[in-house]
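# A look at the structure
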Amino acid sequence: MGLCMEPQLTGLIVWPDDVHYDAARKEWNTLFNKFPLVIVFAQDTEDVVNAVRWARYWNIPIRTRSGRHSYEGLSAVDGGIVIDVSQMKQVNVDGRHGVATVQTGTKNIDLYHILGAKGLVVPAGVCPTTGIAGVTLGGGHSMLTRPWGLTLDHLLELEMVDANGCVLQASANRHADLFWAYRGSGGGNFGICTSFCFRARRIDTVGFAEISWNMTDLETVLRTWQSYTFPGADERLTPTLFITSGLKSVQSNFAGDQSPDSFPVVMQGVFLGPATELCHLLQPLLRTGSPRKITIEELPWLEVVDRLSATQPTTPSPFKSTDCFIYDQLPETAINTIRRFIDDPPTSSVTVLFHGLGGAVARVPSHATAYFHRQAWSKIAIWSTWDTPDGAPPGIRWEEEFRKAILPYTWGVYVNSPNLAIKNWPMAYYGDNFEQLTRVKAKYDPENVFHFPQSIPPV
Ligand SMILES: Cc1cc2nc3c(=O)[nH]c(=O)nc-3n(C[C@H](O)[C@H](O)[C@H](O)COP(=O)(O)OP(=O)(O)OC[C@H]3O[C@@H](n4cnc5c(N)ncnc54)[C@H](O)[C@@H]3O)c2cc1C
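One structure accompanies this document, and this report is about it. (Residues numbered from 1 in each chain as written. Predicted model: local features only at pLDDT ≥ 70, side-chain atom pairs only at ≥ 80, totals over all residues. Heavy atoms only, no water.)

### Concerning the side chain of Asn 416
Cut-off, in case you're wondering: Counting from the N terminus, the helices are the DSSP runs of H or I reaching at least four residues and the strands are the DSSP runs of E reaching at least two. For the exposure calls, accessible area comes from a 1.4 Å probe over protein chains only, and a residue counts as buried if that area is under 20% of its type's maximum, exposed if over 50%, partly exposed in between. Under the rule applied, a polar contact is a pair of N or O atoms within 3.5 Å (in protein, one hydrogen donor and one hydrogen acceptor; residues adjacent in sequence only if both atoms are side-chain atoms). A contact between two residues is defined here by any heavy atoms of the two lying within 4.5 Å.
Counting through the fold element by element, Asn 416 comes out in the loop between helix 12 (392-405) and helix 13 (425-430). Owing to a relative accessible area of 18%, Asn 416 belongs among the buried residues under this scheme. In this structure the side chain of Asn 416 is engaged in a polar contact, spanning 3.2 Å, whose partner is the backbone oxygen of Val 135. Discounting residues that sit within four places of it in the chain, Asn 416 has contacts with Tyr 71, Gly 134, Val 135, Gly 138, Gly 139 and Gly 140.

Structure representation (structure tokens):
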């Protein structure tokens, strides 16, 4: 690199003797407990540049962090530098052209509210607290995914600090290979993104549905729910289905308020259209089993955002989770497998979440961006959490055995739910796009400065 002068760290710097070190080092998944050498909270792109140059000068491992939600704690590292962009959260909106320039430390919920106040949206995941960096670089499944596609489908340009501490802009016209790769490779692979430019869409009111059942209706509900994700199903509706069992004492689980009248099987849906049409569309589901609670309304978009956020885990907790893609109708044997695992939770609390995909996601070819699994109809997320440390081994085992048991009915894994137990991860995350990713890596980070378990190697 030819650096002679010792580079200096800038920004808000937290060393291990700082009173804020413990809070600064913690990941959202508290299963991981890492002790970085230093954490830099960058205030602007220059701080990121300085941190990369400093780390290169001292030959110190680098990890990048935005919302801290990495499933495998990959945004922190023992003895290395964590370059954290979470205090870079400026959002500038050009309402006339429908373009939003977003610093990469912005949280999903803040982006929804800032844009929503102007009648705009960039579809960016359901969870309020995830960072826009991780979500976008791996895909971005939201409640608007079927009509409008992934978060990364809205990306027009990104700004990135590379391994030499140089600032690059990538778009369809500049560094197009990097732009292709960072739309689906997952975060951390090529450099540190500091800003995204997104195409925003107009939004006003939307149809919102929430329907709950008892566990006895699981099979019949799942059979009907799937039909809303089949090719040809109305793309204006993006449906999810939560199935929760285990200890009610575990608060940091999906399935909302955990109040006594909450039910273990819950469908949620967002529909780009009036409630009357949504009600008509949902008739098959409403006739399925014995629904216990039904809400079908037309609501302002931001109210829907807040209702959905309330059903997400709110506090950091230990968990094990993987999101696997479903490309076909689940046969009865798969549904029986799901029932078997749901009926046998370990000492922890468990959730199975289905999220409808397809629609606009599938209209983009699988090789057009690095996000490969465009033809999947939905994904199944298997999630276990626990409230005491001795819950970890059975919780992790349950998740792993469940994932393996449904392998015959799924294909591929969402890179934003990395799982270090997956041996053939290049194929699982990237399919045929992996080779091209390794070529882009060789061009932009030939010395593999940005490396971590399951990161893309240079060809
Ligand atoms: C409770 C929960 C709910 C979720 N819900 C959804 C959902 O609805 N839809 C969905 O699509 N996904 C969802 N996810 C998955 C989410 O997309 C991933 O966990 C994502 O990677 C989180 O990004 P982050 O910035 O918060 O995490 P981080 O841990 O900060 O980063 C994740 C990865 O990106 C890298 N990275 C971070 N910042 C940068 C940067 N500035 N430049 C380059 N690389 C960077 C990190 O090094 C790491 O490898 C959920 C996750 C959780 C835990």
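Next comes the rest of the description.
### Points about the packing of aromatic side chains
Put simply, the rule reads: Classification of ring pairs rests on two measures: the distance between centres of Phe, Tyr or Trp rings, Trp counted by its six-membered ring, which must be within 6.5 Å, and the angle between planes, read as stacked under 30 degrees, edge-to-face over 60 and tilted in between.
If you walk through the whole model with that rule in mind, you get 22 aromatic pairs. Seen in terms of ring centroids, Tyr 182 and Phe 190 are 5.0 Å apart; in terms of plane orientation they differ by 90°. Their pairing is edge-to-face. Taken as a pair, Tyr 182 and Phe 190 share a single burial class, namely buried. With centroids separated by 5.7 Å and ring planes inclined at 70°, the aromatic side chains of Phe 196 and Phe 198 adopt a geometry described as edge-to-face. We classify Phe 198 as buried; its relative accessible area is 0%. An aromatic cluster of at least three residues, connected via ring pairs, comprises Trp 28, Tyr 71, Phe 319 and Trp 383.

### Examining the site of the ligand
Condition: We call a residue near a molecule or strand when any one of its heavy atoms sits within 4 Å of it. Methods summary: accessible areas were calculated by the Shrake-Rupley approach with a probe of 1.4 Å, and residue burial reflects only the protein chains presented.
Lining the immediate environment of the ligand, one finds 35 residues, of which Thr 64, Ser 66, Ser 75, His 141 and Tyr 414 sit closest. Residue His 69 places a main-chain N or O atom 3.0 Å away from an oxygen atom belonging to the ligand. For the ligand, whose unbound accessible area comes to 950 Å², protein coverage reaches 96%. Only strand 3 (62-65), helix 4 (132-138) and strand 10 (192-199) provide two or more residues apiece to the shell around the ligand. For the shell around the ligand, the element with the highest residue contribution is helix 4, accounting for 4 residues.

### Points about the pattern of salt bridges
To keep things clear, this is the line we draw: Any carboxyl oxygen of Asp or Glu within 4 Å of a side-chain nitrogen of Lys or Arg constitutes a salt bridge here.
Enumeration over the complete set of coordinates arrives at 21 salt bridges. Put simply, Asp 22 and Arg 25 hold a salt bridge, and the shortest N to O gap is 2.8 Å. With Asp 22 and Arg 25 both in helix 1 (residues 21-25), this residue pair falls 3 residues apart, about one helical turn. Assessed through its relative accessible area of 6%, Arg 25 is described here as buried. With a shortest N-O distance of 3.5 Å, Arg 307 and Glu 303 are connected by a salt bridge. Taken as a pair, Arg 307 and Glu 303 lie in helix 10 (residues 301-309) at a separation of 4 residues, close to a single helical turn.

### What about the sheet that holds strand 13 (residues 237-246)?
What counts, and what does not: Two strands qualify as a pair provided DSSP detects at least 2 bridges between them. Axes here refer to lines fitted to C-alpha atoms; in helices the fit is confined to the stretch in contact. Angles between the N-to-C directions go from 0 to 180 degrees.
Strand order across the open sheet formed by 7 strands is 15-12-14-13-17-18-16, with antiparallel pairing between neighbours. Pairing within the sheet leaves two strands with one partner each, and these edge strands are strand 15 (293-300) and strand 16 (319-326). Averaged over all neighbouring strand pairs, the angle between strand axes comes to 15°, with direction disregarded. Sheet analysis places strand 13 next to strand 14 (residues 265-271), joined by 7 bridges and oriented antiparallel. If you follow Thr 238 over to strand 14, its bridge partner there is Val 270. Here helix 7 (residues 218-226) sits on the sheet and contacts strand 12 (205-213), strand 13, strand 14, strand 17 (349-356) and strand 18 (378-385); the angle it forms with strand 13, its principal contact strand, is near 160°. Taken strand by strand, helix 10 contacts strand 12, strand 14 and strand 15, and its axis lies near 140° from that of strand 15.

### Here's the deal with the pairing of strand 6 (residues 99-103)
With respect to burial, strand 6 is a largely interior element, 4 of its 5 residues being buried. Pairing of strand 5 (residues 91-94) with strand 6 involves 4 bridges; the strand directions are antiparallel. What sits directly across from Val 93, in strand 6, is Ala 100. Hairpin connection between strand 5 and strand 6: a loop of 4 residues separates the two successive antiparallel strands, and Gly 98 in this loop has a positive phi of roughly 65°. With 5 bridges joining them, strand 6 and strand 10 adopt antiparallel strand pairing. If you follow Val 102 over to strand 10, its bridge partner there is Phe 196.

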